[in-house]
Amino acid sequence: MAGGTGDVRKLFIFTTTQNYFGLVSESWDQPLLYNSTEINNFLDDGNQMLLRVQRSDVGISFSNVIDFADTKDKVLVFFKLRPEVITDQNLHKNILVSSMLESPINSLYQAVRQVFAPMLLKDQEWSRNLDPKLQNLLSELEAGLGIVLRRSDTNLSKLKFKEDDTRGILTPSDEFQFWIEQAHRGSKQISKERASYFKELFEAVAREFYNLDGLSLLEVVDLVETTRDVVDDVWRQTEHDHYPESRMLHLLDIIGGSFGRFVQKKLGTLNLWEDPYYLVKENMKAGISICEQWVIACSHLTGQVWQRYVPHLWKNEKYFPETLDKLGKRLEEVLALRTIREKLLYFSPATDEKIICLARVFEPFTGLNPVQYNPYTEPLWKAAVSQYEKIIAPVEQKIAGKLKNYISEIQDSPQQLLQAFLKYKELVKRPTISKELMLERETLLARLMDSVKDFRLDFENRCRGIPGDASGPLSGKNLSEVVNNIVWVRQLEMKADDTIKIAEALLSDLSGFRSFHRSAEDLLDQFKLYEQEQFDDWSRDIQSGLSDSQSGLCIEANSHIMELDPNDGSLKVHYSDRLVILQREVRQLSALGFVIPAKIQQVANIAQKFCKQAIILKQVAHFYNSIDQQMIQSQRPMMLQSALAFEQIIKNSKAGSGGKSQITWNNPKELEGYIQKLQNAAERLATENRRLRKWHITFCEKVVVLMNIDLLRQQQRWKDGLQELRTGLASVEAQCPLTWQSKWEGPEDPLQYLRGLVARALAIQNWVERAENQTLLSDTLDLSELFHPDTFLNALRQETARAMVCSVDSLKFVASWKGRLQEAKLQIKISGLLLEGCSFDGNRLSENQHDSPSVSSVLPCFMGWIPQGAYGPYSPDECISLPVYTSAERDRVVINIDIPCGGSQDQWIQCGAALFLKNQ
């Protein structure tokens, strides 16, 4: 079918081509193309199914085939549904039109992803008629094309991975998926490890971005901060090759795009002009915060932090997400317009005229979606805002006076005045109202100038003091002095900066504004100079300390990790606490925007590298140095073997199979193994100590229970408790030395001890009866019947002091075998003493004979307390002072007694002479 210039079919092709490529009709020769063989073949030959149109430097060309080289330029393709000749009737029923950009893979991927997959998989009618296997194949096709696209350089004839190629990365989820795929399909192991590292870093936000539309605005506000930290960690990492700058730039851009689209989608569900104000305000503020925070994050990271991060410098200009910034400003405008209306409603009288006027203030925005910001909607938006301002002008004029009266009433209170201006700042910015409030704004400016003076005075009074002192900077928690001072002055900076922003927004047209602004800016410069001085002083101190081996800042990778102190035997780790503080300071100062000198950063990196192991070693060292305080003293011999094994591991910190080289920080594998040995040994020692302490506490509790049993009325309970104690002691007797068992009060045999306990209890009842009859001091007493005889003797001393009206310190203890004591006001007669190491006949000590018993009874004697200056029954030269013990084990002294010995004192000391109470 031949066609001329009036051929509708060719007109369709030419018009579509012209519109797609943006051609001016005069710029290409249509008459010549009307006779194109390729066009005629496509239209008139039923077997010719395709027509390709391509624009290149030489012009427009047509072809009936597609080559790979065609993808270098934009391509438009016409193809048929059925093999038929194209007529006027089937023109729009048989021809499909498709474009191709960048690559056939990208074009097919986007067509499947954006058009066919949603239609065939999500639409109920189509998905119901599509076989599930085909649905799975379609999903797999989409996923597979995405993988190929993310891994391909479309400018090459073969699919080849190129990390800088981000054309397949359209969303943050695409980027996260890219590193997941690289971790599994990387060509080299080191590449897989690097990809896995990035994948793990991105996992902190990946789930949220996959489900972004399901989050609330407030949740995404938090997500912005988390995302900022994640991209900062990705950029700063030094474990692997750096993250490419071009890829990071693209990532920041698509993250901003995702946030912007999310905000538009969420706010698009609201009627911003008619929904309740509180609801609109809450959502708008969250949307504005998302936009602002991401803009600030990108500007701060690429404009300051990364440009100063020496290990990986940002070389491009500061990245500023302009579209997101303008969207945030558009949202601020919308919120301001809505707020103005609400404030006008508050101040205006409730008249029909006012209600009608304020009801139609938003009519100019009819048909406009305010959250859809782009250059094409901006002129329409500005025109609508202009109409809005004309509508509210009469209302503004009426309420200006009311607002003036309201502010005038509170202008004597600076804080209330400032709060009022902030509350109604949208109204104050209006030209009509601003002019009416001229005097009130002058008053506010004066108050702000006073605030700046207060900031300056506070700074000058505190800047040279010690943090936390009354005359020093305010102190925060877990901050070193330099960081604390900088944070403190930053807070002053924020206050001064907020003051400037308020003045710029509301007072910039006043005559005193320039003077105020100059003074405030000078103060900010002073704050910044103080910041820099603090940082410079810190840098000099640290760099000076790096050359001083005693500063605690020096750590050598090949130095010993720990050793026992030869002076006090304590275990010390060669990793000072100052290094921990340095890491925190470097991290905090970097976050505050300071450039850390290379030498300091290097030391901090080394310290960070070994920090984890050092903390574990310090915990082990603390355990070793304090374990003796956790042990019960009598149980220490029981733990000797475990303690020695632990100490042996510390002393033999050797590396290698032969154990010839010392383990150092620079041997990570050997160090990990050594730390594991130490931890295992420490855990064994701690476990054994806990077990022994538990036994000890259990036995103590059982003895206390026995002590509270009435032996006369609860004999069966006593027997049961005694049997339980015997069983427990029997279970541990083989594991515990006698030194521990002997620490229990009484003999090693519990039955014998309990018999003594009963005997003492019965004897005490007898003592109580004699004391009630006032015959106690006149009878012969046996001190072995008492649980605490030393307490009884001390009570006698106190009673004697009361009787003699003197202090207890002015009395001395004496004993006499000659008869009663003449100088003693109160005295007792004691029996039941035993003597070991020699014999005593009541007059003097004598050596034991070969057939003499090792322990002999001592005759009863009188004991009491007399004045220090009084003469006792014996001359000091002929006596020796012998201790009186509670038992033959000599573990507790009751008192010392002077016994006549004939003058040879050394002889009786050498033979080990001592007195003790008889066993009950």
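Reference entry: report on the structure contained in this document. (Residues numbered from 1 in each chain as written. Predicted model: local features only at pLDDT ≥ 70, side-chain atom pairs only at ≥ 80, totals over all residues. Heavy atoms only, no water.)

## A short note on the environment of I407
Note the cut-off: Where helices and strands are cited, they refer to DSSP runs of H or I of at least four residues and of E of at least two residues respectively, numbered from the N terminus. Residue exposure (1.4 Å probe, protein chains only): buried if accessible area is under 20% of the type maximum, exposed if over 50%, otherwise partly exposed. The contact criterion used throughout is that any non-hydrogen atoms of two residues lie within 4.5 Å.
Within the secondary structure, I407 sits in helix α15 (residues 378-410). Under the relative-accessibility criterion, I407 is labelled buried at 0%. A C-alpha to C-alpha distance of 8.2 Å links I407 and F421, two positions 14 residues apart in sequence. Those residues in contact with I407, other than ones at most four positions away along the chain, are L417, F421, L437 and E440.

## As for a positive patch on the surface
Note the following rule: Like charges are joined within 9 Å and nonpolar side chains (Val, Leu, Ile, Met, Phe, Trp, Tyr) within 5 Å, but only among residues with over 30% relative accessible area and no salt bridge; these make up the patches. Residue exposure ignores everything except the shown protein chains as possible cover, and the areas themselves are Shrake-Rupley values with a 1.4 Å probe. By definition, a salt bridge exists where a carboxyl oxygen of Asp or Glu is found within 4 Å of a side-chain nitrogen of Lys or Arg. Counted charges follow a simple rule, with Lys and Arg positive, Asp and Glu negative, and His plus the chain ends left uncounted. A charged residue contributes its charge at one atom only: NZ of Lys, CZ of Arg, CG of Asp or CD of Glu.
A surface patch of like charges, here positive, comprises K281, K285, K425 and K429. Looking at the secondary structure, you find K425 in helix α17 (residues 425-428). Since its relative accessible area comes to 34%, K425 is described here as partly exposed.

## Observations concerning the side chain of S258
By secondary structure assignment, the location of S258 is in helix α11 (residues 245-267). If near-sequence neighbours (up to four positions away) are discounted, S258 is found in contact with P172, F209 and L212.

## As for the pairing of strand β17 (residues 879-885)
Quick reminder of the rule: Strands were regarded as paired on the criterion that DSSP finds at least two bridges between them.
With respect to burial, β17 is a largely interior element, 6 of its 7 residues being buried. When β17 meets strand β18 (residues 893-900), the two strands line up antiparallel, connected through 7 bridges. Bridge pairing in β18 places I880 opposite I899.

## Some words on unusual backbone geometry
Located in the positive-phi region is Q774, a residue other than glycine, with phi close to 60°. Here Q774 is to be found in the loop between α28 (750-772) and β9 (780-782). You will see that R890, though not glycine, has its phi angle at about 55°, which is positive. Among the structural elements, R890 can be located in the loop between β17 and β18. Here R890 falls in the partly exposed class, since its relative accessible area comes to 31%.

## Some points on the packing of helix α23 (residues 598-630) against helix α24 (residues 640-651)
Stated precisely, the cut-off is as follows: Fitted lines through C-alpha atoms give the axes, limited to the stretch in contact for helices. The angle between two N-to-C directions lies from 0 to 180 degrees. Any angle between 65 and 115 degrees counts as roughly perpendicular, while under 35 counts as roughly parallel, over 145 as roughly antiparallel, and the rest as oblique. Should the near helix be turned anticlockwise from the far one by less than a right angle, the crossing is left-handed, and should it be turned clockwise, the crossing is right-handed. All residues other than Ala, Val, Leu, Ile, Met, Phe, Trp, Tyr, Cys, Pro, Asp, Glu, Lys and Arg, Gly among them, are scored as polar; the first ten of these are nonpolar and the last four charged.
Contact pair α23 / α24: the axes reach a minimum separation of 12 Å and the direction vectors enclose 135°. Classified by the interaxial angle, the pair formed by α23 and α24 is oblique. Note that α23 runs across α24; the crossing there is left-handed. Judged by residue contacts, V620, F623 and Y624 of α23 engage F646, E647 and I650 from α24. When the residues that make up the contact of α23 with α24 are grouped by side-chain class, the tally is 5 nonpolar, no polar and 1 charged.

## Some remarks on the pattern of salt bridges
Under the defined criterion, the tally for this structure stands at 27 salt bridges. Close ionic contact of D325 with K329 constitutes a salt bridge, the shortest N to O distance being 3.1 Å. In this pair, D325 and K329 are both assigned in helix α13 (residues 322-347), 4 residues apart and thus about one turn of the helix distant. When its relative accessible area of 18% is taken as the criterion, D325 is described as buried. Salt-bridge contacts for R341 lead to E342; the nearest nitrogen and oxygen are separated by 3.4 Å. In the salt-bridge network here, residues are joined through shared partners; they are D7, R9 and D44.

## Here we look at the sheet that holds strand β4 (residues 95-100)
Within a sheet, neighbouring strands are paired by backbone hydrogen bonds and run either parallel or antiparallel to one another. Spatial strand order, β2-β1-β3-β4: 4 strands in an open sheet with antiparallel pairing. Whereas interior strands pair on both sides, the edge strands pair on one side only; in this sheet they are β2 (59-63) and β4. Pairwise comparison of adjacent strand axes, ignoring direction, gives a mean angle of 20° for this sheet. With 5 bridges connecting them, strand β1 (residues 50-56) and strand β3 (residues 75-80) associate as antiparallel partners. Across the sheet, residue L51 finds its bridge partner in β3, namely F78. Sheet contacts for helix α1 (residues 8-21): β1, β2, β3 and β4; angle to β3, the most-contacted strand, approximately 150°.

## Thoughts on the packing of aromatic side chains
Operational definition: For this analysis, a ring pair means two rings from Phe, Tyr or Trp (six-membered ring only for Trp) whose centres lie within 6.5 Å, classed as stacked if their planes differ by under 30 degrees, edge-to-face if by over 60, and tilted for the remaining angles.
Under the counting rule described, the total for this entry stands at 32 aromatic pairs. When the ring of F259 is compared with that of W294, the centres are 5.6 Å apart and the planes differ by 70°; the resulting orientation is edge-to-face. In this pair, F259 sits in helix α11 while W294 sits in helix α12 (residues 277-305), placing the two residues 35 residues apart along the sequence. Judged by its relative accessible area of 0%, F259 falls in the buried class. Residue classification places W294 among the buried residues on the basis of a relative accessible area of 1%.

## Let's talk about the packing of α15 against helix α16 (residues 414-423)
Any two packed helices are characterised by how steeply their axes cross, that is the angle between the axes, and by the distance between the axes. Two numbers describe how α15 lies on α16: the axes approach to 8 Å, and their chain directions differ by 155°. It follows from the interaxial angle that α15 and α16 lie roughly antiparallel. Together, Y406, I407 and I410 of α15 and Q416, L417, A420 and F421 of α16 make up the contact between the two elements. The class makeup of the residues in the contact of α15 with α16 is 6 nonpolar, 1 polar and no charged.

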